[in-house]
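# Observations on the model geometry
What follows is the residue order along each chain.
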Amino acid sequence: MAIENLLHYLTPSAASPAPRVLDIGSGSGYLTHLLAELVGERGLVVGLEHIPALRQIGEENMRKSTEGMKLLDSGKVKFRVGDGRLGLKEPVRRGEEAHGTDWDVIHVGASARELHQALLDQLKAPGCMFIPIDDDASGVMQSVWRISKDKEGKVHKKNICGVRYVKLTDPPI
């Protein structure tokens, strides 16, 4: 069910011919690359890391393949450094101004103590976010939540499954 939901938001449509995806905690770049394969010719996927060396590793890994190089060189995939809890304000690409800067899909690859409002604010309506959230104060118990926003902007939350992720942490000083 979760995959079908994700594919719904990634599939280009007349309303949003260029899906925008934010991959927070992009790490090795593996999922960032896969998401870029799913969004179609005109989609945009941005991997966001708060550790510059990890951002660099993700980009370097993508450059190891011909397809990865094409995705990066075309601007379809970008890697950025920033605090994932704040999301990212990535400017629109030329010709896509009417679709805005919000994200069709946000994937968070580290557990959060809470659902950060900045991420929810940057999610398109309709849009979908997948985020692991700590279920208890200790952070030992975690669940992946599917957060969806309908076309009217109403937010729906569904606990999908229990998981064990690393923590969404402060950027290094």
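As a reminder, the structure under discussion sits directly above these lines.
Heads up: these notes are all about the structure in this document. What you see is a predicted model, and the numbers here were worked out from it, not measured in a lab.

It is at 11 Å that the axes of helix 2 (residues 30-38) and helix 4 (residues 66-74) come closest, and there the two elements cross at 75 degrees. On the basis of their axis angle, the class for helix 2 and helix 4 is roughly perpendicular. Taking contact as the criterion, the partners of His33, Ala36 and Glu37 in helix 2 are, on helix 4, Glu67, Gly68 and Leu71. Here the contact of helix 2 with helix 4 is built from residues that sort into two nonpolar, two polar and two charged.

What follows covers helix 4. Three or more residues of helix 4 are buried, namely Gly68, Leu71 and Leu72. Buried residues of helix 4, seen end-on, are gathered within an arc of 95 degrees and therefore sit on one face of the element. More than 90 degrees from the buried face of helix 4, the exposed residues found are Thr66, Lys70, Asp73 and Ser74. On its buried face, helix 4 is in contact with helix 2, helix 3 (52-62) and strand 3 (77-81). One or two positions beyond helix 4, positive phi appears at Gly75, with a value near 85 degrees.

Procedures and definitions
- Residues numbered from 1 in each chain as written.
- Predicted model: local features only at pLDDT ≥ 70, side-chain atom pairs only at ≥ 80, totals over all residues.
- Heavy atoms only, no water.
- Axes fitted to C-alpha atoms, helices over the stretch in contact; angles between N-to-C directions.
- Helix = DSSP H or I, 4+ residues; strand = E, 2+ residues; numbered from the N terminus.
- Parallel < 35°, antiparallel > 145°, perpendicular 65-115°, else oblique.
- Contact = heavy atoms within 4.5 Å.
- Nonpolar A, V, L, I, M, F, W, Y, C, P; charged D, E, K, R; others polar.
- Buried < 20%, exposed > 50% of the residue type's maximum accessible area, 1.4 Å probe, protein only.
- Arc of directions from axis to C-beta.

Keep in mind these numbers describe shape, not what the thing actually does.
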